[in-house]
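# Reading the structure
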Amino acid sequence: PRRRIAEHSQRRCLCAGPYHATRTMGKGGNANPRELKGGKAEQLTVYLYGKAVDVSKFAKLHPGGAKALRIFNNRDATEQFEMYHSPAAHKMMRAMSKSAPEAPRESEVATSVVGTDFAKLTQTLHDVGCFDPHYPDEAFKLGLTLLPGFLGFYLLRSGMPALGSFLIAFSYYMSGWTSHDYLHHGCLKGGQKQLVHWNNAVGYAIGAWQGYAVGWWRARHNTHHLVTNEEGNDPDIMTAPVLIFVRNSPVIAAALNAAQRWQQYYYVPAMSLMDMYWRFESMQYLAARPFNKVWASWALLALHYSFVGYMFHGQYQWLLLTMLVRGFLTGIVVFSTHYGEEVIPGDHGMTLVEQTALTSRNITGGYLVNLLTGYISLQTEHHLWPMMPTARLEAAQPYARAFFKKHGFVYRESNLVECVKYNIAALDIRTRNGEWAEMPH
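Before going into details, it helps to say that this report is about the structure given with it. Just so it is clear, the model here is predicted, and its values are computed rather than measured. (Residues numbered from 1 in each chain as written. Predicted model: local features only at pLDDT ≥ 70, side-chain atom pairs only at ≥ 80, totals over all residues. Heavy atoms only, no water.)

Time to look at the environment of Ile363. Residue placement: Ile363 occurs in strand 3 (residues 362-363). Each C-alpha atom, one on Ile363 and one on Gln379, is 7.8 Å from the other, the two residues being 16 residues apart in sequence. Other than its neighbours up to four places away in sequence, Ile363 contacts Val333, Ser336, Thr337, Val369, Asn370, Ser377, Ser414, Asn415, Leu416 and Cys419. (Helix = DSSP H or I, 4+ residues; strand = E, 2+ residues; numbered from the N terminus. Contact = heavy atoms within 4.5 Å.)

Structure representation (structure tokens):
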């Protein structure tokens, strides 16, 4: 896999122009369904637990979207299935794969030495309670998420609009992390009803409060988890034409236009625009779908903007401050954990833990940083075990460190300032050859 990644990096340099021209913001690869002659749906086969499972008829019904199945067509998705699915989904998968043929032996990833050892580690974390719910922490997070918004609303209407709008922005910012945890089904545990339905209900409610369409977020974020930093597959790293991560490639640097050559300077200020962009993109996502299938999401957005209009009535200039602050806080954290890391090809052949080690970076700073970043700061652990309650990620961290050391993987972590500097170096065409790659892990 490492040799293929090195060769892939060389190919990217040779075709830098079309490469970054096609990786436009918010667009993922392999997303469009294809039809065969006679109007039949394309054949989709996903390799699961050594079986070649035909998911063609299931594609439109897949809760995670058809795009994920298209990306993993003729590809081992065992580890991704394990990390993301409920017991009910496992039962359905066993029924679908009962008569399925054997998958090609050479395609198996989960059965490698690293994959098998990682499965044992995951079971150990289950045994020591790292997947158990932590309801006091969930209640505390809900308070930290919503109370600043209520207080901000009061202050906004009581003659303190600057502080009020900042607190509303902070509430929206924390809402992103909290709804994220519920929609990952990492908060409420138990049977199918608690694990799926109630987690979804709370996640949708908080998503409506912050003003994003949950369907858009799930389509984008779940795909990001499955194929982190994969070229053409991970929508989160589609940042062109605004940001082109050069990563020491002189060919890519030479292809930048006049505006992009200043990207290392406008990168940090541009983060403040992310809330506006994500709001637009979530509405764009809904507009592209039949209204009868997304009317509930439109209704939640209408409810959100009606309440926003009521809160800021007569002082809409402070709404702009709220969106800029929220965008900056969220953007500066989100971009710190993946965007400056290596981009890899979809045929990398790595296990989940190998891919995570290469593409994820933690933000150091202890409990306060973890709390105020919604534990996105423990990005490595979260990507390995996305359904683990965030309050348990700190307990899992020593296990992850030891596993990385055992298998010779780099455990990447930096404080927030260093993460920002790392991204700037990856964007800067003046970064000297080797300097970006040699920055501290």
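In this section: the pattern of salt bridges. A complete count under the given rule lists 13 salt bridges for this structure. We note a salt bridge from Lys51 to Glu102, for which the minimum N-O separation is 3.2 Å. Separated by 51 residues along the polypeptide, Lys51 in strand 2 (residues 51-54) and Glu102 in the loop between helix 5 (87-97) and helix 6 (113-127) bring together distant segments of the chain. The partner of Asp275 in a salt bridge is Arg279, with the nearest N and O atoms 2.9 Å apart. Residue Asp275 and its partner Arg279 are both found in helix 13 (residues 274-287); the two are separated by four residues, about one turn of the helix. The burial state of Asp275 is the same as that of Arg279; both residues are buried. Each of Asp137, Glu138, Lys141 and Asp181 takes part in a single network of salt bridges with overlapping partners. (Salt bridge = Lys/Arg side-chain N within 4 Å of Asp/Glu carboxyl O. Buried < 20%, exposed > 50% of the residue type's maximum accessible area, 1.4 Å probe, protein only.)

Among the structural elements, Thr380 can be located in helix 18 (residues 379-384). With relative accessibility at 1%, the residue Thr380 sits in the buried group. Discounting chain neighbours no more than four positions away, the residues touching Thr380 are Thr356, Ser360, Asn362, Phe404 and Tyr411.

With 21 residues, helix 14 (residues 291-311) extends 28 Å between its outermost C-alpha atoms, agreeing within 8% with the 30 Å of an ideal straight helix rising 1.5 Å per residue. The principal kink in helix 14, of about 30°, is found at Ser297. On its buried side, helix 14 packs onto helix 7 (135-156), helix 8 (161-183), helix 9 (192-210), helix 13 and helix 15 (317-334). (Expected span 1.5 Å × (residues − 1). Bend = angle between axes of the 7 residues up to and from the residue.)

The grouping of Met160, Leu163 and Phe166 at the surface amounts to a nonpolar patch, some 260 Å² of accessible area in total. Checked against the element boundaries, Leu163 lands in helix 8. (Patch = residues over 30% accessible without salt bridge, like charges linked within 9 Å, V, L, I, M, F, W, Y side chains within 5 Å. Areas by Shrake-Rupley, 256 points an atom, 1.4 Å probe, with all protein chains shown as cover.)

Pairing of strand 1 (residues 45-48) with strand 2 involves four bridges; the strand directions are antiparallel. Considered in strand 2, the bridge of Thr45 is made with Asp54. Hairpin remark: strand 1 followed by strand 2, antiparallel, with two residues in the connecting loop; positive phi at Tyr49, about 55°. (Pairing = 2+ DSSP bridges.)

Glancing now at helix 10 (residues 214-226). Along its 13 residues, helix 10 runs 18 Å from first to last C-alpha, staying within 8% of the 18 Å computed at 1.5 Å per residue. Burial analysis of helix 10 places 12 of its 13 residues in the buried class, which makes it a mostly covered element. Among all positions of helix 10, only Val214, Gly215, Trp216, Trp217, Arg218, Arg220, His221, Asn222, Thr223, His224, His225 and Leu226 are buried. Here the buried face of helix 10 lies against helix 3 (66-71), helix 4 (78-84), helix 8, helix 9, helix 13 and helix 18.

Our focus in this paragraph is the packing of helix 13 against helix 15. One can describe the packing of helix 13 onto helix 15 by two numbers: an axis separation of 6 Å at closest approach and a directional angle of 95°. With respect to their mutual orientation, helix 13 and helix 15 come out roughly perpendicular. Taking contact as the criterion, the partners of Met274, Asp275, Met276, Trp278 and Arg279 in helix 13 are, on helix 15, Leu320, Met323, Leu324, Arg326, Gly327, Thr330 and Gly331. Taken together, the residues of the contact of helix 13 with helix 15 break down into six nonpolar, three polar and three charged. (Axes fitted to C-alpha atoms, helices over the stretch in contact; angles between N-to-C directions. Parallel < 35°, antiparallel > 145°, perpendicular 65-115°, else oblique. Nonpolar A, V, L, I, M, F, W, Y, C, P; charged D, E, K, R; others polar.)

So, about the nonpolar core. Counting 42 residues, the largest nonpolar core has Phe118, Leu125, Val353, Trp385, Met388, Phe403 and Phe404 as the members making the most contacts within it. Going through the elements one at a time, strand 1, helix 3, helix 4, helix 5, helix 6, helix 16 (352-359) and helix 19 (393-407) are the ones with two or more residues in this core. When residues in this core are grouped by element, the largest group, five residues, is from helix 19. Once residues within four sequence positions are removed from consideration, Val353 is found in contact with Val114, Phe118, Leu384, Phe403, Phe404 and Phe409. (Core = buried A, V, L, I, M, F, W, Y, C linked by side-chain atoms within 4.5 Å.)

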